[in-house]
Amino acid sequence: MAARKSTKKPNVSAEELTKYYRDMLLIRRFEEKAGQLYGMGLIGGFCHLYIGQEAVVVGLEAAAEEGDKRITSYRDHGHMLACGMDPSGVMAELTGRAGGLSKGKGGSMHMFSKEKHFYGGHGIVGAQVPLGAGLAFADKYKDNGRVTFTYFGDGAANQGQVYETFNMAAIWDLPVIFVIENNQYAMGTAQARSTSTPDIYTRGQAFGIPGEAVDGMDVLAVKEASERATAHCRSGKGPYILEVKTYRYRGHSMSDPAKYRTREEVQKMRSERDPIEQVRDLLLTGKHATEEDLKAIDKEIKEVVNQSAEFARTSPEPALEELWTDIYA
Ligand SMILES: Cc1ncc(C[n+]2csc(CCOP(=O)(O)OP(=O)(O)O)c2C)c(N)n1
Ligand SMILES: [Mg+2]
């Protein structure tokens, strides 16, 4: 089935559209800067960029309410920025500095925010899926109307623990949205080579979980789908699956030259489907913004990102004593 598209006449206000533009652009510029810092040797370990996938998390967050929870994989910087975590704190964590959100001890894949209800950042593929159901179990128990956005990839969707989780979430009617970010690759393996059916969301049928596919390059389509999914969960009907068809422009991580696909394939996506360009077009053709307005937004975001990079370079290394804090033993 083709992903559901939003109607081209957007049913959103100029303010909302501008917010989505701004939020997606912040993620894009932040990730570009992270890529630069990595290239300069300032970021150690792994660094998985989200460039190309911005409309997924921004569209999903458009229907989030205060107290809703989110949990995701290692490709997590976009999710943190979209729920309002401080860009400087995220960037300084990438460079392993004391000002980072995990005090420089977690790095790119291990950041959390109690305040924003962001539960990580998980490096073990699929591990966050049962944890997401657990978060939703707590909300169900408290009967507080909150939902948990549990994000995972097309590769993770082939793991057994995902289906054990689907079963339990369905039995207990947990308010969890399983967001499958289908970016068409799991490391260097294309979806068609690893996944038996092209539409992963249909796997929920075996457990009685409704779901749908969404065009993940169209932030408005994602927002509408997020509204359906959150309404379903909040009304006590149990879990929902959204398979968001998206694309990552960069390699799996910074160390991946992505030789398993052609430059043309990436270029075609960038030039024909880019999520930020689509909203830019809507803003300009709908006369909601001028080129000048958009330039001003771009400038403002670049400043925020530059400041975060400056903070990430100048914040001190964690003190040696920090080795003995924040541990369980
Ligand atoms: C349990 C486990 N197996 C394997 C890996 C190595 N690994 C890291 S990412 C990845 C691919 C996951 O792809 P996908 O779920 O599509 O997410 P994406 O990277 O595309 O966002 C693999 C196999 C791991 N981290 N954990
Ligand atoms: Mg993938």
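Conventions we followed
Residues numbered from 1 in each chain as written. Chains lettered and ligands numbered in written order. Predicted model: local features only at pLDDT ≥ 70, side-chain atom pairs only at ≥ 80, totals over all residues. Heavy atoms only, no water. Near = heavy atom within 4 Å. Polar contact = N/O pair within 3.5 Å; in protein donor to acceptor, adjacent residues only side chain to side chain. Areas by Shrake-Rupley, 256 points an atom, 1.4 Å probe, with all protein chains shown as cover. 1 Å grid on protein atoms, 1.4 Å probe; cavity = no way out; pocket = protein on both sides within 12 Å on 5 of 7 lines; lining within 4 Å. Sits in = over half its atoms within 2 Å of the grid points. Nonpolar A, V, L, I, M, F, W, Y, C, P; charged D, E, K, R; others polar. Donors = N, O, S within 2.8 Å, 3.2 Å for Na, K, Ca; no water. Buried < 20%, exposed > 50% of the residue type's maximum accessible area, 1.4 Å probe, protein only. Phe/Tyr/Trp six-rings, centres within 6.5 Å; stacked < 30°, edge-to-face > 60°. Helix = DSSP H or I, 4+ residues; strand = E, 2+ residues; numbered from the N terminus. Lys NZ or Arg CZ within 6 Å of the ring centre and 35° of its normal.

Enquirer: Account for the site of ligand 1, naming residues and giving values.
Expert: Around ligand 1, the surrounding shell holds 15 residues, and the nearest of these are Tyr74, Arg75, Gly155, Ala156 and Asn183. At 2.8 Å, a side-chain N or O of Arg75 approaches an oxygen atom of ligand 1. Between ligand 1 and the protein, one listed contact pairs an oxygen atom with a side-chain N or O atom of Asn183 at 2.8 Å. If ligand 1 stood free it would expose 590 Å²; the protein chains cover 71% of that surface. If you map ligand 1 onto the pockets, it falls in the largest pocket. Looking at the shell around ligand 1 residue by residue, the class counts come to seven nonpolar, six polar and two charged.

Enquirer: Kindly report on the coordination of the magnesium ion (ligand 2), identifying the contributing residues and their values.
Expert: Protein coordination at the magnesium ion (ligand 2): the donors are Asp154 (OD), Asn183 (OD1) and Tyr185 (O), at 2.1 to 2.2 Å from the metal. On the primary sequence, the residues serving as donors to the magnesium ion (ligand 2) are separated as D-x28-N-x1-Y. Comparing Asn183 with Tyr185, the two get one shared label, buried.

Enquirer: Quick rundown of the packing of aromatic side chains? Include the residues and the values.
Expert: If you walk through the whole model with that rule in mind, you get eight aromatic pairs. Note on Tyr185 and Tyr247: the rings are 6.4 Å apart at their centroids and 75° apart in plane angle, and the pair reads as edge-to-face. One end of the pair, Tyr185, is in strand β4 (residues 185–186); the other, Tyr247, is in the loop between β7 (240–245) and α9 (263–273), with 62 residues separating them in the sequence. Residue class for Tyr185 comes out buried when judged on its relative accessible area of 9%. Linked through ring pairs, Phe152, Tyr163, Phe166, Phe178 and Phe207 together constitute an aromatic cluster. Sitting above the plane of the Tyr185 ring, Arg261 keeps its charged end 5.4 Å from the centroid.

Enquirer: Describe unusual backbone geometry, with residues and values.
Expert: Of note in this structure, Asp173 is not a glycine but carries a positive phi near 50°. Mapped onto the elements of the fold, Asp173 is located in the loop between α6 (160–171) and β3 (176–182). Its relative accessible area of 32% is what places Asp173 among the partly exposed residues. Backbone geometry at Gln184 places phi at a positive 75°, although glycine is not the residue there. As for its placement among the helices and strands, Gln184 is situated in the loop between β3 and β4.

Remember that the coordinates give geometry; whether it matters functionally is a separate question.
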